[in-house]
Amino acid sequence: MAKSQNTKVDFTIKATSYLGINSYGDVMIGDNAFEYYNEKNVEDYIQIPWEQVDYISASVLFKRKIVRFAIFTKSAGHFSFSTRDNKKTLQMIRKYIPLEKMHTSPNLFDIIKNGLKAIYKRIFNTKK
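Numbering of residues begins from 1 in every chain and follows the order in which that chain's sequence is written. Since the coordinates come from a predicted model, pLDDT governs what is reported: local features require at least 70, and pairs of side-chain atoms require 80 or more to be given and counted, while whole-chain, interface and lining totals use all residues. Computation of side-chain values covers all heavy atoms of the structure but excludes hydrogens and water.

Quick notes on the overall build of the protein chain
Note the following rule: Working definition: helices are DSSP H or I runs of at least four residues, strands are E runs of at least two. Numbering for both runs from the N terminus. Our radius of gyration is a C-alpha quantity, and the globule rule it is checked against amounts to 2.2 Å times the number of residues to the power 0.38. Only heavy atoms enter the contact rule, under which two residues are in contact if any of them lie within 4.5 Å. Each accessible area is a Shrake-Rupley estimate made with a 1.4 Å probe; only the visible protein chains count as cover when residues are assessed. The convention is simple: Lys and Arg are positive, Asp and Glu are negative, and His and the chain ends are not counted. Where a charge sits is defined by one atom per residue type, namely NZ (Lys), CZ (Arg), CG (Asp) or CD (Glu).
If you tally the helices and strands in the protein chain, you get 2 helices and 8 strands. Helices and strands in the protein chain line up, N terminus first, as β-β-β-β-β-β-β-α-β-α. In terms of C-alpha radius of gyration, the protein chain reaches 18 Å, well past the compact-globule figure of 14 Å for 128 residues. Viewed in the frame of its principal axes, the protein chain has a C-alpha envelope of about 65 × 25 × 25 Å. Of all intrachain contacts in the protein chain linking residues separated by at least 6 positions in sequence, the fraction that spans at least 24 positions is 42%. Within the structure as shown, the protein chain displays about 8,900 Å² of accessible surface, and the carbon and sulfur contribution to it stands at 55%. Of the side chains in the protein chain, 21 bear a positive and 12 a negative charge, and the two mean positions are spaced by 14 Å.

Observations concerning the pairing of strand β7 (residues 78-83)
Note on strand geometry: in a regular strand, side chains alternate between the two faces of the sheet. The test is simple: Burial classification: accessible surface area is computed with a 1.4 Å probe over protein chains only, and a residue below 20% of its type maximum counts as buried, one above 50% as exposed, and the rest as partly exposed. For two strands to count as paired, DSSP must find a minimum of two bridges between them.
The buried fraction of β7 amounts to 5 of the 6 residues, a majority that puts the element mostly inside the structure. The sheet contact formed by strand β1 (residues 9-17) and β7 spans 3 bridges and is antiparallel. Paired with Ser 17 across the bridge in β7 is Phe 81. As judged from the 4 bridges shared by strand β6 (residues 65-73) and β7, these two strands associate in the antiparallel manner. Residue pairing for β7: Phe 72 is matched across the bridge by His 78. What sits between the antiparallel neighbours β6 and β7 is a turn of 4 residues, in which Gly 77 has the positive phi angle 90 degrees.

Details of the side chain of Asn 6
Convention followed: Side-chain atoms alone can form a polar contact between residues adjacent in sequence; in general such a contact is a pair of N or O atoms within 3.5 Å, and within protein one must be able to donate a hydrogen while the other accepts it.
Residue placement: Asn 6 occurs in the segment before β1. Classification of Asn 6 as buried rests on a relative accessible area of 10%. At 2.7 Å, the side chain of Asn 6 forms a polar contact with the backbone nitrogen of Ala 33. If we skip the residues at most four places from it in the chain, Asn 6 touches Met 28, Ile 29, Gly 30, Asp 31, Asn 32, Ala 33 and Glu 35.

Some remarks on the side chain of Ser 23
Locating Ser 23 in the fold gives a position in strand β2 (residues 23-30). Setting aside its immediate chain neighbours within four residues, Ser 23 contacts Ala 15, Thr 16, Ser 17, Tyr 36, Asn 38 and Asp 44.

Some words on the pattern of salt bridges
Here is the rule we go by: We define a salt bridge as a contact between a side-chain nitrogen of Lys or Arg and a carboxyl oxygen of Asp or Glu at a distance within 4 Å.
Under the criterion given, the structure shown has 3 salt bridges. For the salt bridge of Lys 8 with Asp 10, the shortest nitrogen-to-oxygen distance reads 3.6 Å. Notably, a salt bridge pairs Asp 26 with Lys 14, separated by 3.5 Å at the nearest N-O pair. A residue pair is termed long-range when its members are at least 10 positions apart, and Asp 26 in strand β2 and Lys 14 in strand β1 qualify at 12 residues. Each of Lys 14, Asp 26 and Glu 39 takes part in salt bridges that share partners, so that together they form one network.

Written out as structure tokens, the structure reads:
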């Protein structure tokens, strides 16, 4: 069984981890780390200390609903999660991560728009 890195837990909520195969469990936000524990397998857990978080990217749908969020770490890659209330979860994370490290990820329309702009620039801004 995993030992929690937190000495004080501020927030707990049901969550889904998108690491490999989806797994369901609980997210705990505390004073030292972000922790995810699988509800069926106690050995399946993710603990991310606040010092290891590089930035957090949230996937926002129609500028209103946060569908999921990803925590990018300095050394271990990134981890994607979704909770029952993503907005509340990110508000609780903001106690430990500054707002400058929290971003929204580009949606499909932004990617298409940026791609079309790049094509336009290549076609019409070529130097002869």
